[in-house]
Amino acid sequence: MSLRSFHWQRFAGLLILSLVLAACATTEQPSAARQTSVPPRVQPDTSGVTDNSDPGDAARGEQLFAESIGGMPSCSTCHALDSAQIVGPGMAGISERAESRVRGQTAAEYLHTSIVDPGEYVVEGYQNVMPDVFEQSLSEAEIRALIAYLLSL
Ligand code: HEC
């Protein structure tokens, strides 16, 4: 073994060692940092699910009921608060009625579906003309607020 190749081997060995150490340092540090900086991912996907533990803000729901949402007429344009029929059924007694509309659905579940997917259950004697924009135009909290308001009627 010549002196030259001996040096080269030592140099190569040191180079490989330092590369391995550098690789360890760069791969381990960010993952350790990631573990401590990212909050636990426990946000369940609640879209389409009625969370009964969150009752919703009925006062906010009352406001929303009278507002134009997604460029559509307000809920109150089509729904009276008494039993009068406008375009849709009047909301008097909706909390009891909602409970028994669809077998297996609670009142809150029925109201949720009525708002986000109105064509899913069309009330007898009415046309399927309720806009289906509300799922896109309302946040889940706003939908829950509307449900809380309707249940309070
Ligand atoms: C353009 C008119 C129109 C608008 C606006 C409208 N709806 Fe309706 N809605 C209807 C009609 C018609 C029905 C009955 C047919 C059906 O079941 O889809 C109905 C049905 C319902 C029902 C079921 C009632 C029952 O007796 O079972 C609920 C609840 C409801 N709407 C809530 C709302 C809410 C909340 C809004 C506002 C975010 C709204 N609607 C906006 C026309 C409308």
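The structure this text deals with has already been given above.
Novice: Sorry if this is basic, but what is going on with the coordination of the iron atom of the ligand here?
Specialist: Each angle at a metal carrying four tetrahedral donors should ideally be 109.5 degrees, and each at a metal carrying six octahedral donors should ideally be 90 or 180 degrees. At 2.0 to 2.2 Å from the iron atom of the ligand lie its protein donor atoms, namely His-79 (NE2) and Met-130 (SD). Note that the iron atom of the ligand binds 6 donor atoms; their angles at the metal cover 87 to 178°, and the shape is octahedral. Pair noted here: His-79 is in the loop between helix H3 (75–78) and helix H4 (94–101) and Met-130 is in the loop between helix H5 (107–116) and helix H6 (134–137), with a separation of 51 residues, a long-range link.

Novice: How should I be thinking about the nonpolar core in this particular structure?
Specialist: Grouped burial of nonpolar side chains is what soluble globular proteins tend to show. Counting residues in each nonpolar core, the largest one holds 24 residues, and the members touching the most others are Phe-65, Leu-111, Leu-138, Leu-146 and Leu-150. Of all the elements in the fold, those that place two or more residues in this core are helix H2 (58–65), H4, H5 and helix H7 (140–152). Excluding residues within four positions of it along the chain, Leu-138 makes contact with Leu-64, Ile-69, Ile-115, Ile-143 and Leu-146.

Novice: What is the right way to read the packing of H2 against H7 from this model?
Specialist: For the pair H2 and H7, interaxial distance at closest approach is 7 Å and the crossing angle is 95°. In terms of orientation, H2 and H7 fall into the roughly perpendicular class. Between H2 and H7, the residues in contact are Ala-58, Arg-60, Gly-61, Glu-62, Leu-64 and Phe-65 and Glu-142, Ala-145, Leu-146, Ala-148, Tyr-149 and Leu-150, respectively. In the contact of H2 with H7, the residues fall into 8 nonpolar, 1 polar and 3 charged.

Novice: For this particular structure, what's the right way to read a negative patch on the surface?
Specialist: There is a patch of like negative charges on the surface, built from Asp-117, Glu-120, Asp-132 and Glu-135. The residue Asp-117 is located in the loop between H5 and H6 in this model. Judged by relative accessible area, which is 35%, Asp-117 ranks as partly exposed.

Novice: Explanation requested: the site of the ligand in the structure shown.
Specialist: Close to the ligand lie 27 residues, the nearest being Cys-75, Cys-78, His-79, Tyr-110 and Met-130. A distance of 2.7 Å is found between an oxygen atom of the ligand and a side-chain nitrogen or oxygen belonging to Arg-101. Within the backbone of Val-123, one N or O atom sits 2.9 Å away from an oxygen atom of the ligand. Of all the secondary structure elements, the ones that give two or more residues to the shell around the ligand are H3, H4 and H5. Sorting elements by how many residues they give to the shell around the ligand places H5 first, with 4 residues.

Novice: I'm lost on the packing of aromatic side chains in this one. Help?
Specialist: The way to describe two aromatic rings as a pair is by their centre distance and the angle between their planes. Across all of its chains, the model carries 2 aromatic pairs by this definition. On the numbers, 5.5 Å between centres and 80° between planes, the contact of Tyr-110 with Tyr-121 is edge-to-face. Placement of Tyr-110 in helix H5 and of Tyr-121 in the loop between H5 and H6 is noted, with a sequence separation of 11 residues between them.

Novice: Help me understand the side chain of Glu-140 in this model?
Specialist: In this structure, Glu-140 sits in helix H7. Buried charged residue Glu-140 carries no salt bridge. Nearest counter-charge: Arg-144, at 4.1 Å. Looking at Glu-140, its side chain comes within polar contact range of the side chain of His-112, at 2.9 Å.

How each quantity is defined
- Residues numbered from 1 in each chain as written.
- Predicted model: local features only at pLDDT ≥ 70, side-chain atom pairs only at ≥ 80, totals over all residues.
- Heavy atoms only, no water.
- Donors = N, O, S within 2.8 Å, 3.2 Å for Na, K, Ca; no water.
- Tetrahedral: all angles 85-135°; square planar, octahedral: opposite > 155°, others 65-115°.
- Helix = DSSP H or I, 4+ residues; strand = E, 2+ residues; numbered from the N terminus.
- Core = buried A, V, L, I, M, F, W, Y, C linked by side-chain atoms within 4.5 Å.
- Buried < 20%, exposed > 50% of the residue type's maximum accessible area, 1.4 Å probe, protein only.
- Contact = heavy atoms within 4.5 Å.
- Axes fitted to C-alpha atoms, helices over the stretch in contact; angles between N-to-C directions.
- Parallel < 35°, antiparallel > 145°, perpendicular 65-115°, else oblique.
- Nonpolar A, V, L, I, M, F, W, Y, C, P; charged D, E, K, R; others polar.
- Patch = residues over 30% accessible without salt bridge, like charges linked within 9 Å, V, L, I, M, F, W, Y side chains within 5 Å.
- Areas by Shrake-Rupley, 256 points an atom, 1.4 Å probe, with all protein chains shown as cover.
- Salt bridge = Lys/Arg side-chain N within 4 Å of Asp/Glu carboxyl O.
- Lys, Arg positive; Asp, Glu negative; His and termini not counted.
- Charge placed at Lys NZ, Arg CZ, Asp CG, Glu CD.
- Near = heavy atom within 4 Å.
- Polar contact = N/O pair within 3.5 Å; in protein donor to acceptor, adjacent residues only side chain to side chain.
- Phe/Tyr/Trp six-rings, centres within 6.5 Å; stacked < 30°, edge-to-face > 60°.

Nothing here speaks to function; it is geometry throughout.
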